[in-house]
Amino acid sequence: MDRTPAHTAPAAERAAARPIGVGLALAALATVVWSGSFVTSRALHDSVPPVQHAFWRWIIAIAAVAPFAVRETWRQRKLLREHLKFLLLASLLGVTVYNTLVNQAGMTTSAGNMGMIMAASPVLMAVYERLGGARLGARRVTGMLIACAGVLLLVGKGSLAMDFAAGDLWIIAAAVSFGSYSALLKRRPTEIGGLPFLFATFVLGALMLLPVFVASYVLQGGFEPTAGTVSPLLYVGVVSSAVAFFAWNKAISIIGAARAGVVYYLQPVCVALLSFALLGEAMGWLQVLCMGLILGGVVLGSAARAK
């Protein structure tokens, strides 16, 4: 009797599971690194204007990626021109708008709140799936509603009066931008390499941000380049932009936006721990309750993910 199928089946299953494990690990890396960027946005809120924070972040990111990406980007220049509209939209959502809104939110809300509200952004990814024809299922819809209830309770400070802080509204807008960017990545042209795509979106995003940066500099003035301002900018430029965006984009190409979004739900826990350790932000009963609702809702919803 030929026993080959019985022996090779486990090996084949392990080989098939390997890319999923890599994708989940890359999504986790991006999530942990981005958690630090929320803390950075809050830490720099009174020393670096939000738009200037975002602009210099991307200039540093471009400098960090350029040595590895310029040659391949030049080789794919014709392909990039063919898909310029897609690249412009991805750059606008993921580079120009998203992080600028996060920095703006950090002016008037805590890093912990930002992390918890952003954790609900995968709900929007699920909505896009439904618009694309995917069936979500009752459990997933219930989970989404629970997560949204947690966000509303958090930004309403435990009241149904919905007395939102300005920063909470900014971070909700950032969550919409990030969710849209992540959903858009599913349509990324496969022929464009990961590094050329990353480099092109960084450059285009920074160019679109340039006029707003100039206006901010003229109206608000610059900031003093000290260790307390430059070091955080280097972190968000190199680690939180170049490394994390490459990891997130690669994770989505391997496991999809919905599954990567499940890992993203770890973010509020990471942000809460970092903000407590680095900024001394306290976690009250309301924050704990809302974190439980948001995480519980998204875990319930992800368990019923459409196949």
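For the structure given in this document, a descriptive report is provided here. (Residues numbered from 1 in each chain as written. Predicted model: local features only at pLDDT ≥ 70, side-chain atom pairs only at ≥ 80, totals over all residues. Heavy atoms only, no water.)

1. A closer look at the overall build of the protein chain
- On a plain count of helices and strands, the protein chain comes out with 13 helices and zero strands.
- Helices and strands in the protein chain line up, N terminus first, as α-α-α-α-α-α-α-α-α-α-α-α-α.
- Counting all 307 residues of the protein chain, 49% fall into the buried class.
- Sequence separation of at least 24 residues holds for 88% of the intrachain contacts in the protein chain that already meet a minimum separation of 6.
- Accessible surface for the protein chain amounts to roughly 14500 Å². Of this, 68% is attributable to carbon and sulfur atoms. (Helix = DSSP H or I, 4+ residues; strand = E, 2+ residues; numbered from the N terminus. Buried < 20%, exposed > 50% of the residue type's maximum accessible area, 1.4 Å probe, protein only. Contact = heavy atoms within 4.5 Å. Areas by Shrake-Rupley, 256 points an atom, 1.4 Å probe, with all protein chains shown as cover.)

2. What to know about the side chain of T109
- Examined against the element boundaries, T109 turns out to sit in the loop between α4 (84-105) and α5 (111-118).
- We classify T109 as buried; its relative accessible area is 6%.
- Within polar-contact distance, the side chain of T109 engages the side chain of D168 at 2.8 Å. (Polar contact = N/O pair within 3.5 Å; in protein donor to acceptor, adjacent residues only side chain to side chain.)

3. Details of the environment of L289
- Looking at the element boundaries, L289 is found in helix α13 (residues 285-303).
- Sequence separation of L289 and G150 is 139 residues, and the distance between their C-alpha atoms is 7.8 Å.

4. Brief notes about the side chain of S177
- Along the chain, S177 falls in helix α8 (residues 166-184).
- Judged by relative accessible area, which is 5%, S177 ranks as buried.
- If near-sequence neighbours (up to four positions away) are discounted, S177 is found in contact with L93, V97 and Y98.

5. Quick notes on the packing of aromatic side chains
- For the structure shown, the criterion picks out 14 aromatic pairs.
- Considering the side-chain rings of W58 and F245, the 5.5 Å spacing of their centres and the 75° angle between planes classify their relative orientation as edge-to-face. With W58 in helix α2 (residues 50-75) and F245 in helix α10 (residues 227-255), this residue pair connects regions lying 187 residues apart in the sequence. Across the pair, F245 and W58 agree in class, each one buried.
- Taking 5.6 Å as the distance between ring centres and 40° as the angle between the ring planes, the aromatic pair formed by F178 and W248 counts as tilted. Within this pair, whereas F178 is found in helix α8, its partner W248 is found in helix α10, the two being separated by 70 residues in sequence. (Phe/Tyr/Trp six-rings, centres within 6.5 Å; stacked < 30°, edge-to-face > 60°.)

6. Considering the packing of α2 against α4
- Close contact between α2 and α4 brings their axes to 8 Å; oriented N to C, the two are set at 135°. Of the possible angle classes, the one that applies to α2 and α4 is oblique. Note that α2 runs across α4; the crossing there is right-handed. Here P50, V51, H53, A54, R57 and W58 of α2 come into contact with α4, specifically with G94, V95, N99, T100, N103 and Q104.
- The class makeup of the residues in the contact of α2 with α4 is five nonpolar, six polar and one charged. (Axes fitted to C-alpha atoms, helices over the stretch in contact; angles between N-to-C directions. Parallel < 35°, antiparallel > 145°, perpendicular 65-115°, else oblique. Left-handed = near helix turned anticlockwise from the far one by under 90°. Nonpolar A, V, L, I, M, F, W, Y, C, P; charged D, E, K, R; others polar.)

7. Description of the nonpolar core
- Counting 60 residues, the largest nonpolar core has F38, M118, I171, F202 and W248 as the members making the most contacts within it.
- Once residues lying within four places of it in the same chain are set aside, the contact partners of I171 are F38, V102, A105, M114, I117 and M118.
- By size, the runner-up hydrophobic cluster in this structure holds six residues, among which are L44, V48, F223 and V236. (Core = buried A, V, L, I, M, F, W, Y, C linked by side-chain atoms within 4.5 Å.)

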